[in-house]
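Here's the letter readout for the chains.
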Amino acid sequence: MPCIDNRFRFAPLLAPALLVAALGCREDATSPASREDGAAPALATSATTALAFYQMSASIHSCGVTTDNLAYCWGENTEGEVGDGTTIQRLTPVAVAGGLRFRQVSASFYHTCGITTDYRAYCWGSNFVGQLGDGTTTVHLTPVPVAGGLTFRQVTVGLSPHSCGVTYADRQVYCWGGNDNGQLGDGTTTTRLVPTAVAGGRQFRVVSAGGYHTCGVTTSNETFCWGSNRFGQIGDSSTAILRRRPTRIAGGHLFRQVSAGWEHTCAVTTEDLAYCWGNGRDGQVGDGKTYLRFWPKAVRGGLSFGRVSAGFQHTCGETTTNQAYCWGDNFGGALGDGTYTARLTPVAVTGGLYFSQLSAGGGTCGVTPASVAYCWGSNIYGQLGDGTTTDRLTPTPVAGPS
C-alpha cells in the first residue's frame with residue numbers, strides 16, 4: 001500500500017497553500033428546504049451532467065450522494081479515499097465500490113466516511129490512527145463497516161485525522177481516531193480504534209469534526225466544542241490550549257447548526273444569523289476584522305443563513321433563500337466571486353445560482369435545488385470533478401461519471 005503522506009500527518013507544519021487544498025468539510029445529513037418552486041436559474045439548468053446530487057463534501061478529494069443514494073468520489077486517491085478499490089487519481093466522479101446505498105458522506109484529507117440508508121457507518125481510505133473505526137490501522141480502498149454495531153444519523157470526519165457520529169437511537173456522539181488534542185471528547189488524549197462515547201451523555205442533533213477540534217449542537221440548541229483551542233476555536237472565551245471534554249461556547253446563543261473548520265468554527269442561530277469564532281486572520285470569521293476570536297462574533301451583513309460550512313481559511317453559507325455567500329481567504333478562487341481577493345465579509349458567489357447545500361473544503365462544492373453539482377476554487381488534485389486540474393474562480397459543473 002502507498003505510505004501516508006507526512007505533509008498531512010503533520011498538518012500544522014504545512015504552508016497555507018498546501019493546507020487550503022487539503023481541508024475537507026464535514027456535512028450533516030440534512031440541508032434546508034429548496035426554493036418553493038424547486039427551480040434553479042437558467043445558468044444552472046443549462047449545465048448538463050449524468051449525475052443528480054443532493055449532498056456534497058469537499059476536500060482534496062470530494063464526494064457526493066446522488067438522488068438515488070449512490071456515493072461517488074473524485075480527486076486525490078493516494079490512500080484509497082475515493083473508495084473505488086484503487087489508488088488512481090480521479091478527475092471525474094467514480095462510484096464508491098460495494099453497491100451500498102448512502103444517505104450522507106463526509107470527506108477529509110485521506111479518508112471518507114458515510115451513513116447508509118439503513119443508518120450503518122462505513123469508512124474507507126487512510127487508517128494510520130484508526131480513523132476508519134474498524135479496530136485496525138489498515139488502509140482500506142473500499143468501504144468497511146465501523147466496529148461496534150451502532151447505527152448513526154450522521155457522520156463527520158476531521159483532519160487530525162478523526163471521525164465522529166451521532167447515534168440513531170439515543171443521539172449520543174461517538175468518536176474515533178486521532179486524539180492528541182482531546183478532539184474525541186472522551187476526557188483523554190488516547191487514540192481510539194473503535195467508536196468511543198463523548199463524555200457528558202448529552203443528546204446531540206449534529207456533530208462536526210474540524211482540524212483538531214470537534215463541535216456539536218444538542219437537541220436543546222446548545223453548542224459544545226472540544227479539542228484544540230489554540231486559536232479560540234472552542235469559543236468558550238478562554239485561552240486554554242485544549243479541552244478534553246465538551247465545553248459550552250460563550251455568549252448564551254442558541255444554535256441549530258455548527259461547522260468546525262481548520263482553526264475556526266461557524267454556526268447558525270435559531271434566528272438564522274451566522275456567528276464565527278477562532279482564527280480570523282484571513283477574514284474567515286466574517287466580522288470585517290483579522291483577529292483571533294475567543295467567543296462567537298456575528299458575521300457582518302445581516303444575512304439570514306440556512307447553513308454555513310467552515311473550511312480551512314474560508315467559510316461559505318447558503319441563505320434561507322438559497323443564495324450562496326463566501327468569505328475569508330480566496331486561495332484558488334475558493335470564494336467563487338471571480339477573483340483571488342480575500343474578503344473580510346460575505347461576498348456573493350458569481351453566477352446567480354441557487355444552492356441548497358454548500359461544502360467549503362479544498363475548493364468549494366455545492367448542489368442546486370435542481371440537484372446539479374458545481375465546484376470552484378483550488379483544483380490541484382482534481383477535486384472539482386470537471387475532468388481537469390485547473391483552478392476555477394466561479395462555479396463549474398461537476399462532470400459525468402468516469
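Reference entry: report on the structure contained in this document.

Rules behind the numbers
Residues numbered from 1 in each chain as written. Predicted model: local features only at pLDDT ≥ 70, side-chain atom pairs only at ≥ 80, totals over all residues. Heavy atoms only, no water. Phe/Tyr/Trp six-rings, centres within 6.5 Å; stacked < 30°, edge-to-face > 60°. Helix = DSSP H or I, 4+ residues; strand = E, 2+ residues; numbered from the N terminus. Buried < 20%, exposed > 50% of the residue type's maximum accessible area, 1.4 Å probe, protein only. Lys NZ or Arg CZ within 6 Å of the ring centre and 35° of its normal. Core = buried A, V, L, I, M, F, W, Y, C linked by side-chain atoms within 4.5 Å. Pairing = 2+ DSSP bridges. Axes fitted to C-alpha atoms, helices over the stretch in contact; angles between N-to-C directions.

### Concerning the packing of aromatic side chains
Inspection of the entire model under this criterion finds 13 aromatic pairs. Look at tyrosine 119 and tyrosine 168: their rings are 4.4 Å apart centre to centre, the planes differ by 40°, and that puts the pair in the tilted class. You can see tyrosine 119 sitting in the loop between strand E6 (111-116) and strand E7 (121-125) and its partner tyrosine 168 sitting in the loop between strand E10 (162-167) and strand E11 (173-177), a full 49 residues away along the chain. A relative accessible area of 25% means that tyrosine 119 is categorised as partly exposed. Judged by its relative accessible area of 36%, tyrosine 168 is partly exposed. Members of the aromatic cluster, connected to one another through ring pairs, are Tyr212, Trp262 and Phe312. Over the aromatic face of tyrosine 168 sits the side chain of arginine 153, whose NZ or CZ is 4.6 Å from the ring centroid. A cation over a ring is seen here: arginine 202 above phenylalanine 224, with NZ or CZ 4.1 Å from the ring centre.

### Re the nonpolar core
Counting residues in hydrophobic clusters, the biggest one holds 13 residues, and the most contacted among them are Phe355, Leu358, Tyr374 and Trp376. For this core, the elements supplying multiple residues, two or more each, are strand E23 (324-328), strand E25 (357-361) and strand E27 (373-377).

### Structural notes on the sheet that holds strand E14 (residues 213-218)
The sheet built from four strands is open, its strands ordered E13-E14-E15-E16 with antiparallel pairing. The open sheet terminates on both sides in strands that have one partner only, identified here as strand E13 (204-209) and strand E16 (242-248). For this sheet the average axis-to-axis angle between neighbouring strands, irrespective of direction, equals 10°. The pairing of strand E15 (residues 223-228) with E16 spans four bridges and is classified as antiparallel. Paired with phenylalanine 224 across the bridge in E16 is arginine 248.

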